[in-house]
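# Geometric and topological summary
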Amino acid sequence: MLSQGRPYLAIPGPSVIPDRVLNAMHRAAPNIYTDELIALTATLVRDLTAVARTEHACAIYIGNGHAAWEAALANVVAHGDKVLVLATGTFAKGWGGMAEGLGAVVETIDFGPAATVDLDVVARTLQADTEKQIKAVLLVHVDTASGVKNDIAALRAVLDAAGHPGLLMVDCIASLACDRFEMDQWGVDVMVAACQKGLMTPPGLGFVFFGPRAAAVRAAMARVSTYWNWDARVNPVNLSKSFNGTAPTHHLFGLRAALDLIAEEGGISAVWARHARIAAAVWAAVDTWGQGGPMRANIADRGLRSCAVTSVTIPGGHAQRLQDWCRDQAGLTLGIGLGQSPESDFFRIGHMGHVNAPMIMGCLGTIEAGMLALGIPHDAGGLSAAARALVAG
Ligand SMILES: *Cc1c(COP(=O)(O)O)cnc(C)c1O
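Conventions adopted
- Residues numbered from 1 in each chain as written.
- Predicted model: local features only at pLDDT ≥ 70, side-chain atom pairs only at ≥ 80, totals over all residues.
- Heavy atoms only, no water.
- Helix = DSSP H or I, 4+ residues; strand = E, 2+ residues; numbered from the N terminus.
- Rg over C-alpha atoms; globule rule 2.2 N^0.38 Å.
- Buried < 20%, exposed > 50% of the residue type's maximum accessible area, 1.4 Å probe, protein only.
- Contact = heavy atoms within 4.5 Å.
- Areas by Shrake-Rupley, 256 points an atom, 1.4 Å probe, with all protein chains shown as cover.
- Lys, Arg positive; Asp, Glu negative; His and termini not counted.
- Charge placed at Lys NZ, Arg CZ, Asp CG, Glu CD.
- Near = heavy atom within 4 Å.
- Polar contact = N/O pair within 3.5 Å; in protein donor to acceptor, adjacent residues only side chain to side chain.
- Nonpolar A, V, L, I, M, F, W, Y, C, P; charged D, E, K, R; others polar.
- Expected span 1.5 Å × (residues − 1).
- Axes fitted to C-alpha atoms, helices over the stretch in contact; angles between N-to-C directions.
- Parallel < 35°, antiparallel > 145°, perpendicular 65-115°, else oblique.
- Left-handed = near helix turned anticlockwise from the far one by under 90°.
- Salt bridge = Lys/Arg side-chain N within 4 Å of Asp/Glu carboxyl O.
- Core = buried A, V, L, I, M, F, W, Y, C linked by side-chain atoms within 4.5 Å.
- Phe/Tyr/Trp six-rings, centres within 6.5 Å; stacked < 30°, edge-to-face > 60°.
- Lys NZ or Arg CZ within 6 Å of the ring centre and 35° of its normal.
- Pairing = 2+ DSSP bridges.
- Right-handed = clockwise from strand over helix to strand, strands pointing away.

A count of helices and strands for the protein chain gives 14 helices and 12 strands. Relative to the 2.2 N^0.38 estimate, which gives 21 Å for 393 residues, the radius of gyration of the protein chain is 21 Å and therefore close to what a compact globule would have. Based on the C-alpha atoms only, the size of the protein chain along its principal axes is roughly 60 × 55 × 35 Å. Residues classed as buried in the protein chain amount to 57% of the 393 residues present. Here the analysis covers contacts within the protein chain between residues at least 6 apart in sequence; of these, 72% occur between residues at least 24 apart. As displayed, the protein chain offers around 15,300 Å² of accessible surface, 56% of which is attributable to carbon and sulfur atoms. Averaging the positions of the 29 positive and the 34 negative side-chain charges in the protein chain gives two centres separated by 2 Å.

The subject of this paragraph is the site of the ligand. Close to the ligand lie Asn 64, Gly 65, His 66, Trp 69, Phe 91, Val 142, Thr 144, Asp 171, Ile 173, Ala 174, Gln 196 and Lys 197. Thr 144 is positioned with one of its side-chain polar atoms (N or O) 2.3 Å from an oxygen atom of the ligand. One nitrogen or oxygen atom from the side chain of Gln 196 is found 2.7 Å from an oxygen atom belonging to the ligand. A per-class count over the shell around the ligand returns five nonpolar, five polar and two charged.

All right, on to unusual backbone geometry then. When glycine is set aside, most residues are seen to have a negative phi, and most peptide bonds are trans. In this chain, Gly 13 is followed by Pro 14 through a cis amide linkage whose omega measures -5 degrees. By the element assignment, Pro 14 lies in the loop between strand S1 (8-10) and helix H1 (19-25). For the peptide bond that leads from Ser 341 to Pro 342, omega is -10 degrees, which places it in the cis range. Looking at the element boundaries, Pro 342 is found in the loop between strand S11 (332-336) and strand S12 (346-350). Phi at Arg 53 is positive, roughly 55 degrees, even though this residue is not glycine. Phi angles above zero are rare outside glycine, and Met 200 is one such case at about 65 degrees.

Okay, helix H10 (residues 249-265) next. Its 17 residues place the ends of H10 25 Å apart at the C-alpha level, agreeing with the 24 Å of an ideal helix rising 1.5 Å per residue. Burial analysis of H10 places 13 of its 17 residues in the buried class, the great majority of the element. With its phi angle positive at about 120 degrees, Gly 266 sits one or two positions after the end of H10.

Looking now at the packing of helix H2 (residues 35-51) against H10. Here H2 crosses H10 at 45 degrees, and the two axes come no closer than 10 Å. The angle between the axes of H2 and H10 places the two elements in the oblique class. Every pair of crossing elements has a handedness; the one defined by H2 and H10 is left-handed. Between H2 and H10, the contacting residues are Glu 36, Leu 37, Leu 40, Thr 41, Thr 43, Leu 44, Arg 46, Asp 47, Leu 48 and Val 51 on the first element and Thr 249, Leu 252, Phe 253, Leu 255, Arg 256, Leu 259 and Ile 262 on the second. Class assignment for the residues of the contact of H2 with H10 results in 10 nonpolar, three polar and four charged.

Turning next to the pattern of salt bridges. Any two side chains of opposite charge can pair, given that their charged atoms come close. Going through the model one piece at a time under the given rule, you end up with 21 salt bridges. Here Asp 189 makes a salt bridge to Arg 156, at a shortest N to O gap of 3.3 Å. Highlighted residues: Asp 189 in the loop between strand S6 (167-171) and strand S7 (190-194) and Arg 156 in helix H6 (residues 152-161), separated in sequence by 33 residues. As far as burial versus exposure is concerned, Asp 189 and Arg 156 are alike and both buried. Its salt-bridge partner being Asp 231, residue Arg 218 comes within 3.4 Å of it at the nearest N-O pair. One end of the pair, Arg 218, is in helix H7 (residues 212-219); the other, Asp 231, is in helix H8 (residues 230-234), and 13 residues separate them in sequence.

So, about the nonpolar core. Among the nonpolar cores identified, the biggest contains 57 residues, and Leu 86, Met 191, Phe 207 and Phe 209 are the most heavily contacted of them. The element that contributes the greatest number of residues to this core is H10, accounting for eight residues.

This part covers the packing of aromatic side chains. This structure, assessed with the given rule, holds six aromatic pairs. A centroid spacing of 5.5 Å and a plane angle of 80 degrees characterise the contact between Phe 181 and Trp 186, whose relative ring orientation is edge-to-face. Here Phe 181 and Trp 186 have matching classes, each one buried. Clustering of aromatic rings is evident, with ring pairs tying together Tyr 61, Tyr 227 and Trp 228. One residue, Arg 27, lies across the ring of Phe 253, its end atom 3.9 Å from the ring centre. Across from the ring centre of Phe 91, 5.9 Å away, lies the NZ or CZ of Lys 197, which sits over that ring.

Another point: the pairing of strand S3 (residues 82-87). Most of S3 is tucked away, with five of its six residues classed as buried. As paired strands, S3 and strand S4 (residues 105-110) are joined by six bridges and run parallel to one another. Note on S4: the bridge partner recorded for Leu 86 is Ile 109. Read as a crossover between parallel neighbours, the route from S3 over helix H4 (residues 91-101) to S4 is right-handed. Summarising the sheet, S3 and strand S5 (residues 134-140) pair through four bridges and their orientation is parallel.

Let's shift gears to the side chain of Glu 182. Mapping Glu 182 onto the fold places it in the loop between S6 and S7. A polar atom in the side chain of Glu 182 sits 3.0 Å from the side chain of Arg 180. With sequence-adjacent residues up to four places away left out, Glu 182 is seen in contact with Ala 52, Arg 53 and Trp 272.

Listed below in structure tokens is the structure:
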């Protein structure tokens, strides 16, 4: 009854696509052999590395985040190499599974569905690796299932304190251009991302950023898959070498528009500040509602929550009923529970990318209406707490 109007997809990727991005893609196919696309690709790499806060390289692939996972691994991990996976939800496990598929020997430490990495456990594991056989440490910056944000700089310090040469490889697919991330300052060797979350572009581009230590490991590899090899992509002789075939023409136009939006907002720091404010509104609502009912944020400590996605639980299957009501009655699609048990007790609010104050207040107001409709107990002050969080300095 309330669903006629613009539908709102508040899932943690793909995110809302700005009209500017859609319109930039609405054009005739370009000739892929002329200079226009070569120049365009160079501007994209320049602006992507600025968003990732790195002075180093970025290889672009046609593919989703899973493709970027495989691309990153294929360049630095050989059959039989040992990889340490730090799991804080769902996604690092997926990346580890991909490493296993490439023949790596994977050791996974699972910190559970609602916690960050325990740095002492990692320190002990690295110290126990006296022969320095762990070639790479894999983790996510933000886990999109649990909503946790890991402290990457602290992990770098643990590797350094252990004198461990393993590469620090970080998945920023959910967090890039949402949560503050400093690739060079935090000492990250390899970072993977994709275009359909904070970068606001339809799914189809994966990115692998890498620094000099990773490049040296790559150079020492006996062989690397021709398709995933990042060398040809970052030192292209021509565009068909950059992409190993036809360039993703319209995705490049769309991404150009998205990066222009970021620049016009005031650069990546301004984008982070907006995400922090929007996330504060979400947390204010969720935490206030929970004071009068069963709703809880999956990650209790606000310092460990992501500014891109919030995972919420309402026990007793209420989370599933609330999602159904919001989608069917009101045109708001929330994210499903992922990697939690039972999944019907969880939902997720994606607040990544092209999200402003009326969008997030509309989303939160719809959730509150859903709780009223379904008789889910909650404190009535959630929306005004969210409004106050939007204006709090
Ligand atoms: C979305 C996501 C992925 C998977 O990306 P796809 O594009 O669906 O392959 C991996 N890791 C994280 C942290 C994500 O949020």
